[in-house]
Amino acid sequence: MTLRFGLRLPPCAPPQVIAAEAARAEQAGFDCAWIPDSQLLWRDVWVTLSAAALATSRIALGTNVTNPLTRHPTVTACAAASLDELSGGRAIVGIGPGESSVRVMGWNPAKVAAMKEAI
């Protein structure tokens with residue numbers, strides 16, 4: 001078994017800054033960079049991941065995590081496919097019920113049934 005190491009890079013700075021952090025993580029040997037998707041707290045996850053894709057060449061890039069309530073599954077699928085093309089096959093999609101991204105709007109996180117349907 002090969003251990004893989006990743007880090008979470010919240011997009012609380014401009015995409016170029018987070019992309020530079022992803023490049024430093026790649027140079028340091030990290031395998032994955034995860035960008036959270038919480039639209040009212042931080043910058044856009046897909047823009048930030050795209051900037052990171054252009055600044056790196058090896059590290060896997062993924063959402064940590066997106067959700068089926070604020071992002072329709074077809075929108076997530078299209079964004080992930082586009083990121084995968086841009087990054088040369090390095091995209092990963094983490095999906096969850098949407099804690100921080102939905103609670104700040106007064107919504108409840110997605111139920112198991114909604115998660116199953118979205119996946």
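Everything quoted here is computed from the prediction, not taken from an experiment.

Trainee: Would you explain the nonpolar core in this entry?
Mentor: For soluble globular proteins, the rule of thumb is that nonpolar side chains tend to be buried together. The biggest cluster of nonpolar side chains holds 17 residues, and the ones touching the most others in it are Leu9, Ala33, Ile35, Trp46, Leu49 and Leu61. At the level of elements, helix H1 (15-27), strand S2 (32-35), helix H2 (45-55) and helix H3 (73-87) are the ones that each hand at least two residues to this core. The biggest single contributor to this core is H2, with 5 residues. Ignoring any residue separated from it by four or fewer positions in sequence, one finds Ile35 in contact with Leu9, Pro11, Ile18, Val45, Thr48, Leu49, Gly62, Thr63 and Asn64.

Trainee: Looking at this model, I keep getting lost on the sheet that holds strand S3 (residues 60-63). Mind explaining?
Mentor: Backbone-to-backbone hydrogen bonds pair the strands of a sheet. The strands run either parallel or antiparallel. Strand order in the open sheet made by the 4 strands is S1-S2-S3-S4, with parallel pairing throughout. Single-partner strands in this sheet number two, and they are strand S1 (6-8) and strand S4 (91-92). Judged from the 4 bridges that link them, S2 and S3 form a sheet pairing that is parallel. If you follow Ile35 over to S3, its bridge partner there is Thr63.

Trainee: Explain the state of the cysteines to me, please; I cannot follow it from the model alone.
Mentor: The term disulfide refers to a covalent linkage connecting the sulfur atoms of a pair of cysteines. This structure, assessed with the given rule, holds 0 disulfides. There is no disulfide at Cys32, and the cysteine sulfur nearest it, in Cys12, is 20 Å away.

Trainee: How should I be thinking about H3 in this particular structure?
Mentor: In this model, H3 (15 residues) spans 21 Å end to end at C-alpha, consistent with the 21 Å of a helix rising 1.5 Å per residue. For H3, every residue scored as buried is listed here: Thr76, Ala79, Ala80, Leu83 and Ser87. The buried side chains of H3 occupy one side of the element, clustering within an arc of 100° when seen end-on. Exposed residues lying more than 90 degrees from the buried face of H3 are Thr74, Cys78 and Glu85. Residues of H3 that are buried sit in contact with H2, S3 and S4. Positive backbone phi, approximately 70°, marks Gly88, located one or two places after H3.

Trainee: Sorry if this is basic, but what is going on with the pattern of salt bridges here?
Mentor: All chains considered together, the criterion is met by 5 salt bridges. Asp44 is paired through a salt bridge with Arg71; the nearest N and O atoms lie 2.9 Å apart. Of this pair, Asp44 sits in the loop between S2 and H2 while Arg71 sits in the loop between S3 and H3, placing them 27 residues apart in sequence. Assessed through its relative accessible area of 31%, Asp44 is described here as partly exposed. Its relative accessible area of 15% is what places Arg71 among the buried residues.

Trainee: What is the right way to read H1 from this model?
Mentor: An α-helical turn contains 3.6 residues, so a residue and the one three or four places further along point in the same direction. Taking 1.5 Å of rise per residue, the 13 residues of H1 would be expected to cover 18 Å, and the 18 Å separating its terminal C-alpha atoms lies within 8% of that figure. Here H1 has its buried residues at Pro15, Ile18, Ala19, Ala22, Ala23, Ala25 and Glu26. Around the axis of H1, the buried residues are gathered within 160° of arc, so they sit on the same side. Facing away from the buried surface of H1 by more than 90 degrees, the exposed residues are Gln16 and Gln27.

Trainee: Explanation requested: a nonpolar patch on the surface in the structure shown.
Mentor: Where nonpolar side chains cluster on the molecular surface, the patch consists of Leu40, Leu41, Leu69, Val104, Met105 and Trp107 and spans about 520 Å² of accessible area. Structurally, the position occupied by Trp107 is in the loop between helix H4 (99-103) and helix H5 (112-118). Residue Trp107 is classed as partly exposed on the basis of its relative accessible area of 40%.

Parameters at a glance
Residues numbered from 1 in each chain as written. Predicted model: local features only at pLDDT ≥ 70, side-chain atom pairs only at ≥ 80, totals over all residues. Heavy atoms only, no water. Core = buried A, V, L, I, M, F, W, Y, C linked by side-chain atoms within 4.5 Å. Buried < 20%, exposed > 50% of the residue type's maximum accessible area, 1.4 Å probe, protein only. Helix = DSSP H or I, 4+ residues; strand = E, 2+ residues; numbered from the N terminus. Contact = heavy atoms within 4.5 Å. Pairing = 2+ DSSP bridges. Disulfide = S-S within 2.5 Å. Expected span 1.5 Å × (residues − 1). Arc of directions from axis to C-beta. Salt bridge = Lys/Arg side-chain N within 4 Å of Asp/Glu carboxyl O. Patch = residues over 30% accessible without salt bridge, like charges linked within 9 Å, V, L, I, M, F, W, Y side chains within 5 Å. Areas by Shrake-Rupley, 256 points an atom, 1.4 Å probe, with all protein chains shown as cover.

By themselves, these are just geometric observations and shouldn't be taken as functional.
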